[in-house]
Amino acid sequence: LAARVRPLFPCLEQVVNGRPLAYLDSAATTQRPEPVLEAILDFYRRDNANPGRALHTLARRADERLEESRREVAAFLGAEDPLEVVFTRGTTEAINLVASTWGGANLRSGDEVLLTVAEHQSNLMPWRLAAERSGARLRLLDVDDEGRLRLDQLDALLGARTRLVSLSHVSNVLGIVNPVREICRRAHAAGALVLVDGAQSAPHLPVDVGQLDCDFFAFSGHKILGPMGVGVLWARRELLEAMPPYQAGSNMAHEADETSARYESGARRFGAGTPNVSGPVGLAAALRFLRRIGWDALREHEAAIAGRALARLAEVDGLRVLGEGPEAERISVFSFALEGVPAVEVVRSLDAEGIAVRGGDLASLPLLRRLGLEEAVRASCYLYTTLDEVDRLADALQALARNRRGS
């Protein structure tokens, strides 16, 4: 698969520090294929206008491109109603939207929001602020020593005051796929809603919000081959209709004066001002590209990458890979700590070899502390990653470990 698609990713065809680029930071942001770049450019070349359903030709075209993109995202998520798809700037804004609007309208003093200890900061901080504003409190579901959610604790944490469970579908640190459907079932039985952070799952797994039975689902365009600055909040239509607006301005309301306004329905209620049309257009092109690749081909490729990566990383002296072993249901994301070597030094050493990885607290400090660390390094792969790049990573880490030990 990688050999077939790599020619479509111009950013990968470059030399960094004298070596061919090995881009292993796709969990932070993916590279964009030519069809996505062309779709964005085509919009600006032909259809660029402030959208309007009943205005001039270019305005109508821009509006149709936006609504076509909304339909594409709805189909990708298995959603029947395109007006359940709210375009945001990314997963972070999508979660903030729910925390501010749904949370502002529904959370009261003494209520509880249940998260997990493995959440990304983007799914922790919005709920911290919502809890501070409302007097609600956060509770955390723990993980075991291998990073698996402690489902044996779940029923004890779900109580009469639990209003919402918010969790990641896939850990951005461990790459482990969480049992979201089971958690949704148990949360609903306790009377709570569920928000799923799909930033790391949507690029790697087929998502059907109906099968998951969640109430909110968020993901980012830039992690799934699309542009930066666009993301999605999917929510059940009845929830969107009951939520107050997130921002106010044109387009989200009509017949507005100083005393009254008629709000738009569904997702359009959350689209104040001139929309980002090129972002959804690029995202839709990315989803079409993935559909042509096929989930089976992607999963087969990622399984091969994961198998090679876990086997080679296990050979590196003093290196600890976080999370479950190769038998886990996971994506090709691997976080690790190299004994005696700070994360920033690992990142810089690999960068000198043309290998791009990420290091630090990975915006998930509670999880790292639960696993006995303050920082880690993450290598994250995708459909364009090659086995040779995985081998280069392992060889460079082994050389770094030996040099460190020798010094």
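One can find the structure itself at the top, above this paragraph.
Novice: Mind showing me how you'd approach the pairing of strand β8 (residues 193-197) here?
Specialist: Successive side chains on a regular strand alternate, one facing one side of the sheet and the next facing the other. Extensive coverage of β8 is indicated by the burial of 5 of its 5 residues. Going residue by residue along β8, you find L193, L195 and D197 tucked away on one face and V194 and V196 tucked away on the opposite face as well. As paired strands, strand β7 (residues 162-168) and β8 are joined by 5 bridges and run parallel to one another. Bridging across to β8, L167 finds its partner in V196. After leaving β7, the chain enters helix α7 (residues 180-189) and then returns to the sheet as β8, a path that is right-handed. Relative to strand β9 (residues 216-220), β8 is paired through 3 bridges, and the arrangement is parallel. In the strand pairing of β9, D197 is matched with A218.

Novice: For this particular structure, what's the right way to read the nonpolar core?
Specialist: Note on soluble globular proteins: their nonpolar side chains tend to be buried together. Grouped together as the largest cluster of nonpolar side chains are 74 residues, with contacts concentrated most on L77, F217 and F219. Per-element accounting of this core gives the leading share, 8 residues, to helix α10 (residues 278-293). Each residue touching F219, except ones within four places of it in the same chain, is listed here: V73, F76, L77, G90, T91, G198, A199, A202, I224, G231, V232 and L283. Of all hydrophobic cores here, the second largest spans 27 residues; its members include A306, V341, I355 and L393.

Novice: Teacher, can you tell me more about helix α4 (residues 91-106) here?
Specialist: In an α-helix there are 3.6 residues to a turn, and that puts residues three or four apart on one side. Taking 1.5 Å as the rise per residue, α4 with 16 residues should run 22 Å; its terminal C-alpha atoms sit 21 Å apart, in good agreement. Those residues of α4 that sit buried are T91, E93, A94, I95, L97, V98, A99, T101, W102 and G103. Buried positions along α4 lie against β4 (85-88), α5 (125-134), β7, β8, β9 and β10 (231-235).

Novice: Quick question: what am I supposed to make of the environment of R139 here?
Specialist: With respect to the helices, strands and loops of the structure, R139 is situated in strand β6 (residues 137-141). Given a relative accessible area of 25%, R139 falls into the partly exposed group. When neighbours within four sequence positions are excluded, R139 is seen to be in contact with E112, V113, L114, L115, A156 and L157.

Novice: It is not clear to me how the packing of aromatic side chains should be interpreted in this structure. Could you clarify?
Specialist: Aromatic ring pairs are defined here through the distance separating the ring centres and the angle between the ring planes. Taken as a whole and judged by the stated rule, the model has 7 aromatic pairs. Seen from their ring centres, F9 and Y384 are 4.9 Å apart, and the 65 degrees between their planes marks the pair as edge-to-face. One end of the pair, F9, is in the loop between α1 (2-5) and β1 (15-16); the other, Y384, is in the loop between β17 (376-380) and α14 (387-406), and 375 residues separate them in sequence. Here F9 falls in the buried class, since its relative accessible area comes to 0%. Arranged with centres 6.2 Å apart and planes meeting at 40 degrees, the rings of F76 and W295 form a pair that is tilted. Pair noted here: F76 is in helix α3 (residues 57-77) and W295 is in helix α11 (residues 295-313), with a separation of 219 residues, a long-range link.

Novice: Would you explain the sheet that holds β6 in this entry?
Specialist: Pairing between the strands of a sheet comes from backbone hydrogen bonds, and it takes one of two forms, parallel or antiparallel. Across the sheet, which stays open at both edges, the 7 strands sit in the order β4-β10-β9-β8-β7-β5-β6 with mixed pairing between neighbours. The outermost strands of the open sheet, each flanked by one partner alone, are β4 and β6. On average, each strand axis in the sheet is tilted by 20 degrees relative to the strand beside it, whichever way the strands run. Along the sheet face, α3 touches β4, β9 and β10 and points at about 115 degrees away from the line of β4.

Novice: How should I be thinking about the environment of P227 in this particular structure?
Specialist: As for its placement among the helices and strands, P227 is situated in the loop between β9 and β10. On the basis of relative accessibility, which here comes to 12%, the residue P227 falls in the buried class. Sequence separation between P227 and P280 is 53 residues, and the spatial gap between their C-alpha atoms is 8.3 Å. Other than its neighbours up to four places away in sequence, P227 contacts R32, V36, I40, G221, H222, S278, G279, G282 and L283.

Novice: What should I look at first to understand the packing of helix α2 (residues 34-47) against α10 in this one?
Specialist: Direction vectors running N to C along α2 and α10 enclose 145 degrees, while the axes themselves pass 8 Å from each other. Seen from above, α2 lies across α10 with right-handed handedness. Contacts from P35, V36, A39, I40, F43 and Y44 in α2 reach S278, V281, G282, A285, A286, F289 and R292 in α10. By residue class, the composition of the contact of α2 with α10 is 10 nonpolar, 2 polar and 1 charged.

Novice: Would you take a moment to explain the pattern of salt bridges for this structure?
Specialist: Close approach of charged atoms allows side chains of opposite charge to pair. Taken as a whole and assessed by the stated rule, the structure comprises 38 salt bridges. R148 is the partner of D144 in a salt bridge, and the nearest nitrogen-oxygen pair spans 2.8 Å. As a salt-bridge pair, E182 and R186 come within 3.5 Å of each other at their nearest N and O atoms. Here E182 and its partner R186 are both found in helix α7, 4 residues apart, which amounts to about one turn of the helix. Given a relative accessible area of 15%, R186 falls into the buried group. Counted as one network, the salt bridges with shared partners bring together D42, R46, D47, R61 and R65.

Definitions and cut-offs
- Residues numbered from 1 in each chain as written.
- Predicted model: local features only at pLDDT ≥ 70, side-chain atom pairs only at ≥ 80, totals over all residues.
- Heavy atoms only, no water.
- Buried < 20%, exposed > 50% of the residue type's maximum accessible area, 1.4 Å probe, protein only.
- Helix = DSSP H or I, 4+ residues; strand = E, 2+ residues; numbered from the N terminus.
- Pairing = 2+ DSSP bridges.
- Right-handed = clockwise from strand over helix to strand, strands pointing away.
- Core = buried A, V, L, I, M, F, W, Y, C linked by side-chain atoms within 4.5 Å.
- Contact = heavy atoms within 4.5 Å.
- Expected span 1.5 Å × (residues − 1).
- Phe/Tyr/Trp six-rings, centres within 6.5 Å; stacked < 30°, edge-to-face > 60°.
- Axes fitted to C-alpha atoms, helices over the stretch in contact; angles between N-to-C directions.
- Left-handed = near helix turned anticlockwise from the far one by under 90°.
- Nonpolar A, V, L, I, M, F, W, Y, C, P; charged D, E, K, R; others polar.
- Salt bridge = Lys/Arg side-chain N within 4 Å of Asp/Glu carboxyl O.

Read these as spatial facts, not as claims about activity.
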